[in-house]
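# Structural description and commentary
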Amino acid sequence: MTRVWTVPVHDSTRVRDVRVATEEAGSHARLDAHRTAVAALVATELATNLLKHAGGGTVLIGLVDRATAGARGPAVQLAALDHGPGIPDVAAALRDGHTTSEASLGAGLGTCRRIADVFDLYSTRRGTVAVARVHQNPGPRLTRDIRAAGGINIPLARAEHSGDAWSCVRSDSRTTLMLADGLGHGARAAHASDAAVDALHGAGHLPPDEILRLMHPALRPTRGAAVALAQLDTDRGELAFAGVGNIGARLHTDGSWEHLVSHPGIVGAQFPATVPVHRLPWRPGSLLVLHSDGLPSRWVPPEDPGLLGHDPAVVAATVLRDASSAASPVRDDTCVAVLACDRPAGRP
């Protein structure tokens with residue numbers, strides 16, 4: 001099932017909780033002892049930084065499945081979110097060994113970037129979002145995941161399982177991003193969304209409406225789910241979108257945002273007779289955001305064009321952080337997934 005560990009970090013005792021949760025996640029991802037230790041070190045440093053520089057925040061620890069993570073196997077993903085003052089000198093903070101306190105492990109964000117397989121950070125005066133992934137099989141250190149898809153998932157009330165799930169598969173020139181929201185909450189909702197993930201794997205060669213029809217019988221033994229699929233064909237420069245249920249979708253192209261609308265229904269329970277497929281041009285700089293209904297309906301898309309060039313998981317985490325506040329708290333499982341253009345991987 002979709003496991004997520006949500007750890008609020010507001011005092012030093014929670015740093016240990018972050019490390020323990022990361023070690024548990026490493027076991028679920030079947031990382032070996034060394035890779036688990038790497039993930040735990042990164043998590044500990046991220047949590048320590050939240051206390052030292054932001055006055056606290058939240059660390060989300062999740063698993064990236066093998067199909068989405070690629071040849072290097074499943075991964076543990078760590079996301080640190082805060083509403084602090086931001087990092088005034090990001091370049092200095094990312095310098096290997098940089099530290100501002102004797103209480104630090106001395107690792108610093110630079111070391112986190114070096115030892116994680118993927119690391120990215122976005123910081124403004126509204127706060128900082130840092131995302132790191134540690135894979136089962138180490139590979140070249142990347143500033144950006146070349147699969148160009150990422151997501152963030154937070155269960156309601158810090159529950160063990162989220163009823164939402166996202167995944168991404170590739171087939172030739174097609175990249176298909178899926179977000180599913182199982183009806184209700186808890187383990188049974190997670191079972192429904194995980195069934196959608198399982199059905200997606202191996203179906204990436206099909207168009208979105210056919211994938212949804214394939215999912216329908218697979219989800220009948222479950223509660224059912226709202227599901228949306230966005231399929232990018234890089235050869236044709238086209239995005240095909242289809243959804244059943246209340247998954248939100250917004251496409252950013254040429255400096256403006258456009259809503260994409262799903263069809264009413266429930267995959268696995270009340271499947272519509274026809275599923276419209278929306279086809280739109282995909283241009284350099286295009287970006288798609290999918291989200292479950294846990295995100296406030298009136299969330300405002302990010303205005304900073306610099307954010308859109310970051311790792312998709314950083315974009316997703318920033319959208320979730322900025323849409324959730326004391327005025328509009330999360331009232332449901334919430335998942336945000338982002339599809340962006342592929343960009344060259346590797347460090348500058």
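Residues numbered from 1 in each chain as written. Predicted model: local features only at pLDDT ≥ 70, side-chain atom pairs only at ≥ 80, totals over all residues. Heavy atoms only, no water.

### What to know about the sheet that holds strand β6 (residues 149–154)
Here is the rule we go by: In this analysis, strands are considered paired if DSSP registers two or more bridges between them. What counts as a helix is a DSSP run of H or I of at least four residues, what counts as a strand is a run of E of at least two, and both are numbered from the N terminus. Each axis is a line fitted through C-alpha atoms, and for a helix only the stretch in contact is used; angles between axes span 0 to 180 degrees, taken between their N-to-C directions.
Taken together, the five strands give an open sheet; going across it, the order is β6-β15-β14-β11-β12, and neighbouring strands pair in antiparallel fashion. Either end of the sheet is taken by a strand with one partner, and the two such strands are β6 and β12 (256–259). The average angle at which neighbouring strand axes cross in this sheet is 15°, direction not considered.

### Quick word on helix α1 (residues 13–28)
Note the threshold: Each residue after the first adds 1.5 Å to the expected span of a helix. Three labels apply to residues, based on accessible area from a 1.4 Å probe with only protein chains included: buried if under 20% of the type maximum, exposed if over 50%, partly exposed otherwise in between. Throughout, the arc means that of the directions going from the helix axis to the C-beta atoms. Residues count as neighbours in contact if any of their non-hydrogen atoms are within 4.5 Å of one another.
With 16 residues, α1 should reach 22 Å at 1.5 Å per residue; the first-to-last C-alpha distance of 24 Å fits that figure. Listing the buried residues of α1 in full gives V15, V18, A21, T22, A25 and G26. All buried residues of α1 lie within an arc of 145° about the axis, which places them on one face of the element. Pointing more than 90 degrees away from the buried face of α1 are the exposed residues T13, R16 and S27. Buried residues along α1 sit against β1 (4–9), α2 (33–54), β2 (57–64) and β3 (75–81).

### Some points on the nonpolar core
Just so we agree on the cut-off: Residues belong to a common nonpolar core when they are buried Ala, Val, Leu, Ile, Met, Phe, Trp, Tyr or Cys residues joined through side-chain atoms within 4.5 Å.
If you look at the biggest cluster of nonpolar residues, it comprises 32 residues, and the most contacted ones within it are V18, V42, L46, V59, I61 and F119. Going through the elements one at a time, β1, α1, α2, β2, β3, α5 (108–115), β4 (118–124) and β5 (127–135) are the ones with two or more residues in this core. Broken down by element, the residue count for this core peaks at seven residues, all from α2. Contacts of V59, omitting those with residues within four sequence positions, involve W5, T6, V7, V9, V18, A47, L50, A79 and A80.

### Topic: the side chain of H310
Stated formally: Counting of polar contacts relies on pairs of N or O atoms within 3.5 Å, with two restrictions inside protein: one atom must be capable of donating a hydrogen and the other of accepting it, and residues adjacent in sequence are counted only when both atoms are side-chain atoms.
Looking at where H310 falls in the secondary structure, it is placed in the loop between β14 (287–291) and α8 (312–323). Residue H310 is classed as buried on the basis of its relative accessible area, which comes to 18%. Polar side-chain contacts of H310 include one of 3.0 Å to the side chain of D120.

### Examining the confidence of the model for the chain
Close inspection of predicted coordinates is inappropriate for parts of the model with low pLDDT. Cut-off, in case you're wondering: Every residue carries a pLDDT, the predictor's confidence in it, which falls somewhere between 0 and 100.
When pLDDT is averaged across the chain, the result is 89; 89% of the residues are at 70 or more. Low pLDDT, under 50, characterises residues 344–348; the stretch is placed with 12 contacts to residues that sit more than four places away or in other chains.

### A word on helix α6 (residues 186–200)
Taking 1.5 Å as the rise per residue, α6 with 15 residues should run 21 Å; its terminal C-alpha atoms sit 22 Å apart, in good agreement. Of the residues making up α6, those classed as buried are A189, A190, A192, S193, D194, A195, A196, V197, A199 and L200. Buried-residue contacts for α6 involve β7 (164–171), β8 (174–182), α7 (208–219) and β9 (225–233). G202 occupies a position one or two residues after α6 and carries a positive phi of about 90°.

### A word on the packing of aromatic side chains
Stated precisely, the cut-off is as follows: When two rings of Phe, Tyr or Trp (its six-membered ring) have centres within 6.5 Å they constitute a pair, described as stacked for plane angles under 30 degrees, edge-to-face for angles over 60, and tilted for the intermediate range. Ring-over charges, as used throughout, are those where CZ of Arg or NZ of Lys falls within 6 Å of the ring centre and within 35 degrees of the ring normal.
Inspection of the entire model under this criterion finds zero aromatic pairs. Sitting above the plane of the W299 ring, R250 keeps its charged end 4.3 Å from the centroid.

### Remarks on the environment of V338
The topology assignment puts V338 in strand β15 (residues 334–340). A relative accessible area of 0% places V338 in the buried class. In this structure, the C-alpha to C-alpha distance between V338 and A149, residues 189 residues apart in sequence, is 5.6 Å. The residues touching V338, leaving out its near neighbours within four places in the chain, are A148, A149, G150, L177, L287, L288, V289, P312, V315 and A316.

### Considerations on the side chain of D233
Rule in force here: We treat Lys and Arg as the positive residues and Asp and Glu as the negative residues; His and chain ends play no part in the count. By salt bridge we mean one thing: a side-chain nitrogen of Lys or Arg within 4 Å of a carboxyl oxygen of Asp or Glu.
Along the chain, D233 falls in strand β9. It is R174 that comes nearest to the buried, bridge-free D233 among opposite-charge side chains, at 4.2 Å. In terms of polar contacts, D233 uses its side chain to reach the side chain of S173, at 3.1 Å. If we skip the residues at most four places from it in the chain, D233 touches S173, R174 and E238.

### Focus on the pairing of β3
Among the seven residues that make up β3, seven are buried, leaving the element largely enclosed by the rest of the structure. Residues A75, Q77, A79 and L81 line one face of β3 and the alternating positions V76, L78 and A80 line the opposite face, and both faces are buried. Across seven bridges, the pairing between β2 and β3 is antiparallel. What sits directly across from L63, in β3, is V76. Bridge analysis of β3 against β5 gives seven bridges, and the strand direction is antiparallel. Paired with L78 across the bridge in β5 is A132.

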